[in-house]
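# Summary of structural features
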Amino acid sequence: MKVTVLVFAMARQLVGRDRLELDLGDGATVGDLRAALGASHAALAPLLRGSLFAVDQAYADERTPLVPGQEVAMIPPVSGG
Amino acid sequence: MKVTVLVFAMARQLVGRDRLELDLGDGATVGDLRAALGASHAALAPLLRGSLFAVDQAYADERTPLVPGQEVAMIPPVSGG
Amino acid sequence: MIELTHDPIDPAAVLGGVESPEAGAVLLFLGTTRETTDGRRTSSLDYECYPEMARSELAELEAEARARWPLVHCAIVHRLGHLEIGEASVAIAVSSAHRVAAFEAGQWLIDTLKDRVPIWKRENWSDGGADWVHPGFTRKAEGGPRVDRPPTGP
Amino acid sequence: MIELTHDPIDPAAVLGGVESPEAGAVLLFLGTTRETTDGRRTSSLDYECYPEMARSELAELEAEARARWPLVHCAIVHRLGHLEIGEASVAIAVSSAHRVAAFEAGQWLIDTLKDRVPIWKRENWSDGGADWVHPGFTRKAEGGPRVDRPPTGP
């Protein structure tokens, strides 16, 4: 299934785009997406380790299931304020 | 020796003036002044118990000695802010 | 910066006085006059002080705060005289490189000011009457002063 | 009240939004852009966010603060885009009947905002170059990203 990953800040700079498309197996979770993203975009790997993911604009955990067409955001450590 | 006592807020209201003159024995301290003030102005007695005194614009303790002509301030519990 | 004033406090001016390119955090605290105290309505307040000592105690507070926290700037302004409801009676502003110092210093300054600086307020009640506020001490609506507990000694 | 804005923050307007006759305490915190970070000079900053989620997380912060403290009003404004040194990146204002709630809520709001809300800043250095700030993560002045410690596993 295809999912869209929104990327921000250094992650956006590293991949040169603000969104990525990934093709994951059926029943994939956030944890599977994390692994697939590190494999397909090695430059993101160090930043990925400290990043969270958001599904439906809310923080998700590694077991959160994804659905086809889902929009997921990679949230590297935040620095607002 | 004569000393002047500045009074504020409820104390000023109770005595109807903003300063009082007291005649104390030589070598009198702040503690002696407190006792004399309660004796000469009974209406102040309850408020005196929770009040501090200031000599030369700084909080003094009961043993602080006074000199003739000294100006002392009676500081009832403060409520600034 | 220390100020005792009979004029309304301008929060923007107090803030402007502590801004700095060295500061990452600016904290402003305003004490404002509330309409209701313990269920009773206040129509206005009056503040008076022992001017020379209030000024020196406020300066001492600023000096102590600067010794305890790495502040860039510190401003304490206290209003005197007659205040309507909603007006600010005190403004404390501090700036620092990091926010923890600003929060700690701001809270210490207002706590210590309320504990130590010879300034007093009088609540003018909507239902008539007025009471000087002396914490730990209450005054009957009519008549003379009394303490919370009956006096037990000289 | 929640706001994400590309315009300069007007602290007086934020303050005005939380004033109330029910409030005895008003607290305003401003996060401002510092000229020096760890000894290196910053010339300006850029902030970006994940807009929909930043807005919902900020609204959640306000709701949590109101559940934890008896606030009269609460305002959180975060600036986005390009900021010059000395400008405010964030303003948090709360009002409450008593000051302890205002201080506690203000500090909790900024601490939690910095921990949770998807907003990021980029430091544009005076000596050239720019770095997105990801706490716990550093990036070499030139070249790719690195972690503080060498990666030890997948």
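This report concerns the structure included in the present document. On a predicted model such as this, the values are computed, not experimentally measured, just so you know. (Residues numbered from 1 in each chain as written. Chains lettered and ligands numbered in written order. Predicted model: local features only at pLDDT ≥ 70, side-chain atom pairs only at ≥ 80, totals over all residues. Heavy atoms only, no water.)

Our next topic: the pairing of strand E5 (residues 71–79) of chain C. Residues and elements named next belong to chain C. Along E5, eight of the nine residues are buried, which leaves the element largely enclosed by surrounding structure. One ladder, built from seven bridges, connects E5 with strand E7 (residues 88–96); its direction is antiparallel. Among the inter-strand pairings, Cys74 is bridged to a residue of E7, identified as Val94. (Buried < 20%, exposed > 50% of the residue type's maximum accessible area, 1.4 Å probe, protein only. Helix = DSSP H or I, 4+ residues; strand = E, 2+ residues; numbered from the N terminus. Pairing = 2+ DSSP bridges.)

We now examine the interface of chain B and chain C. Every contact between the two is made by 23 residues of chain B and, on the other side, 32 residues of chain C. Together chain B and chain C conceal approximately 2400 Å² of surface at their shared face, both sides included; 61% is due to carbon and sulfur atoms. For chain B, the biggest contributors to the area lost against chain C are Met10, Gln57 and Gly81 of chain B; these three give 26% of the whole. Where chain B meets chain C, there are one salt bridge. Note that Arg12 of chain B and Glu48 of chain C form a salt bridge whose closest N and O atoms lie 2.4 Å from each other. Scanning the region where chain B abuts chain C turns up 16 residue pairs in polar contact (both at pLDDT 80 or more). (Contact = heavy atoms within 4.5 Å. Buried area = accessible area lost by both parts, 1.4 Å probe. Salt bridge = Lys/Arg side-chain N within 4 Å of Asp/Glu carboxyl O. Polar contact = N/O pair within 3.5 Å; in protein donor to acceptor, adjacent residues only side chain to side chain.)

This part is about the sheet that holds strand E1 (residues 2–5) of chain C. Taken together, the eight strands give an open sheet; going across it, the order is E1(C)-E5(C)-E7(C)-E2(C)-E2(D)-E7(D)-E5(D)-E1(D), and neighbouring strands pair in mixed fashion. A strand with exactly one partner marks an edge of an open sheet, and here the two such strands are E1 of chain C together with strand E1 (2–5) of chain D. Between one strand axis and the next, the sheet turns by 10° as a mean value, whatever way the strands run. Packing of helix H3 (residues 99–116) of chain C onto the sheet brings it into contact with strand E2 (25–32), E5 and E7 of chain C together with strand E2 (25–32) of chain D, and relative to E7 of chain C it is tilted by some 150°. Against the sheet, helix H3 (residues 99–116) of chain D touches E2 of chain C together with E2, strand E5 (71–79) and strand E7 (88–96) of chain D, its axis set at about 150° to E7 of chain D. (Axes fitted to C-alpha atoms, helices over the stretch in contact; angles between N-to-C directions.)

To continue, consider the sheet that holds strand E3 (residues 52–55) of chain B. All names here are of chain B. If you walk across this open sheet you meet the five strands as E2-E1-E5-E3-E4, and the pairing is mixed. Both edges of this open sheet fall to strand E2 (19–23) and strand E4 (58–60), since each of them pairs with a single strand only. Neighbour to neighbour, the strand axes of the sheet diverge by 35° on average, direction disregarded. Bridge count for E3 against E4 is three bridges, and the pairing is antiparallel. What sits directly across from Val55, in E4, is Ala58. With respect to the sheet, helix H2 (residues 30–40) is in contact with strand E1 (2–6), E2, E3, E4 and strand E5 (71–75), its orientation differing from that of E3 by roughly 120°.

Turning our eyes to something else, we now look at the packing of helix H2 (residues 51–68) of chain D against H3 of chain D. Helix packing for two helices is described by the angle between their axes and how far apart those axes are. Residues and elements named next belong to chain D. The geometry of H2 relative to H3 is characterised by a closest axis approach of 11 Å and an angle of 150° between their N-to-C directions. The hand of the H2/H3 crossing is right-handed. When H2 is examined against H3, the residues Glu57, Leu58, Glu60, Leu61, Glu62, Glu64, Ala65 and Arg68 are found in contact with a partner set consisting of Trp108, Leu109, Thr112, Leu113 and Arg116. (Left-handed = near helix turned anticlockwise from the far one by under 90°.)

Contacts between the two partners involve 32 residues from chain D, matched on the other side by 24 residues from chain A. In this structure, the connection of chain D to chain A is made through one salt bridge. At the junction of chain D with chain A, the criterion picks out 16 residue pairs in polar contact (both at pLDDT 80 or more). Secondary-structure elements contributing two or more residues to the side of chain D that touches chain A are strand E4 (40–49), H2, E7, H3, strand E8 (119–125), strand E10 (137–139) and strand E11 (145–147) of chain D. Of the residues forming the side of chain D that touches chain A, the biggest block, five residues, is contributed by H3 of chain D. Considered class by class, the residues forming the side of chain D that touches chain A number 19 nonpolar, five polar and eight charged. (Nonpolar A, V, L, I, M, F, W, Y, C, P; charged D, E, K, R; others polar.)

Moving on, we get to H3 of chain C. With 18 residues, H3 of chain C should reach 26 Å at 1.5 Å per residue; the first-to-last C-alpha distance of 25 Å fits that figure. Among the residues making up H3 of chain C, those that are buried are Ala101, Ala102, Phe103, Ala105, Gly106, Trp108, Leu109, Ile110, Thr112 and Leu113 of chain C. Those residues of H3 of chain C that are buried lie in contact with E2, helix H2 (51–68), E5 and E7 of chain C together with E2 and H3 of chain D. (Expected span 1.5 Å × (residues − 1).)

A few words on the side chain of Glu62 of chain D. All names here are of chain D. With respect to the secondary-structure elements, Glu62 resides in helix H2. By relative accessible area, Glu62 is classed as buried at 12%. In this structure Glu62 touches Met1, Ile2, Cys74, Ile76 and Leu109, once residues within four positions along its chain are discounted.

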